[in-house]
Amino acid sequence: MGEQKQKEASKSVFIFGKKNYKFMFIGLACIALGFILMSGGGSDDPNVFNPDIFSWRRIRLAPMLVLLGFGIEIYAILLNPGKK
């Protein structure tokens, strides 16, 4: 009987459930997509100005995706996996 109690006590218990991990990966994908959209727009020649760095995609869309991804991450951490 002692062995059975030890097995039950040593059972690995995950902190997060499957649903939590799904939302975490979705949040990470949003954050990564936001940073990818933010990149680029530079110029090879330092004497030439490239106005593409001020595009709508880099100023509005990409930061909003990053913030949305962080919001999804917070939701995934606070989500109760046992509640149905």
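The name recorded for the protein chain in an unreviewed UniProt entry is DUF3098 domain-containing protein, from Mariniflexile litorale.

Engineer: Even after reading the chapter, I still don't get a nonpolar patch on the surface, so can you show me in this structure?
Structural biologist: A grouping of Phe 14, Tyr 21, Phe 25 and Leu 28 is seen on the molecular surface, where their side chains present a nonpolar patch of about 480 Å² in accessible area. Looking at the secondary structure, you find Phe 14 in the loop between helix 1 (2–9) and helix 2 (18–38).

Engineer: Would you mind going over the environment of Ile 36 with me for this structure?
Structural biologist: For Ile 36, the location among the structural elements is in helix 2. With a relative accessible area of 57%, Ile 36 lands in the exposed category. Separated by 26 residues in the primary sequence, Ile 36 and Ala 62 place their C-alpha atoms 8.0 Å from one another.

Engineer: So what exactly am I meant to see when it comes to the packing of aromatic side chains here?
Structural biologist: Aromatic ring pairs are described here by two measures, namely the spacing of the ring centres and the angle between the planes. As enumerated under the stated definition, the model contains 3 aromatic pairs in all. Measuring from centroid to centroid gives 6.0 Å for Phe 16 and Tyr 21, while their planes differ by 90 degrees, and the two rings are edge-to-face. Judged by relative accessible area, which is 23%, Phe 16 ranks as partly exposed.

Engineer: Sorry if this is basic, but what is going on with the UniProt feature "transmembrane region" (unreviewed entry) in the protein chain here?
Structural biologist: UniProt records the feature "transmembrane region" (unreviewed entry) for residues 21–41 and 61–79 in the present numbering. Within residues 21–41, the helical portion is 86% and the strand portion 0%, while the C-alpha atoms at the span's ends are 34 Å from each other. A distance of 27 Å separates the end C-alpha atoms of residues 61–79, which is 95% helix and 0% strand.

Engineer: Sorry, what's going on with the pattern of salt bridges here?
Structural biologist: Side-chain pairs of opposite charge can arise whenever the charged atoms involved come near each other. Tallying each qualifying case throughout the model produces 1 salt bridge. In this structure, Arg 58 and Asp 52 form a salt bridge, with 3.3 Å as the shortest nitrogen-oxygen distance. Judged by relative accessible area, which is 37%, Asp 52 ranks as partly exposed.

Conventions adopted
- Residues numbered from 1 in each chain as written.
- Predicted model: local features only at pLDDT ≥ 70, side-chain atom pairs only at ≥ 80, totals over all residues.
- Heavy atoms only, no water.
- Patch = residues over 30% accessible without salt bridge, like charges linked within 9 Å, V, L, I, M, F, W, Y side chains within 5 Å.
- Areas by Shrake-Rupley, 256 points an atom, 1.4 Å probe, with all protein chains shown as cover.
- Salt bridge = Lys/Arg side-chain N within 4 Å of Asp/Glu carboxyl O.
- Helix = DSSP H or I, 4+ residues; strand = E, 2+ residues; numbered from the N terminus.
- Buried < 20%, exposed > 50% of the residue type's maximum accessible area, 1.4 Å probe, protein only.
- Phe/Tyr/Trp six-rings, centres within 6.5 Å; stacked < 30°, edge-to-face > 60°.
- UniProt positions renumbered as here; feature names shortened; annotations may be inferred.

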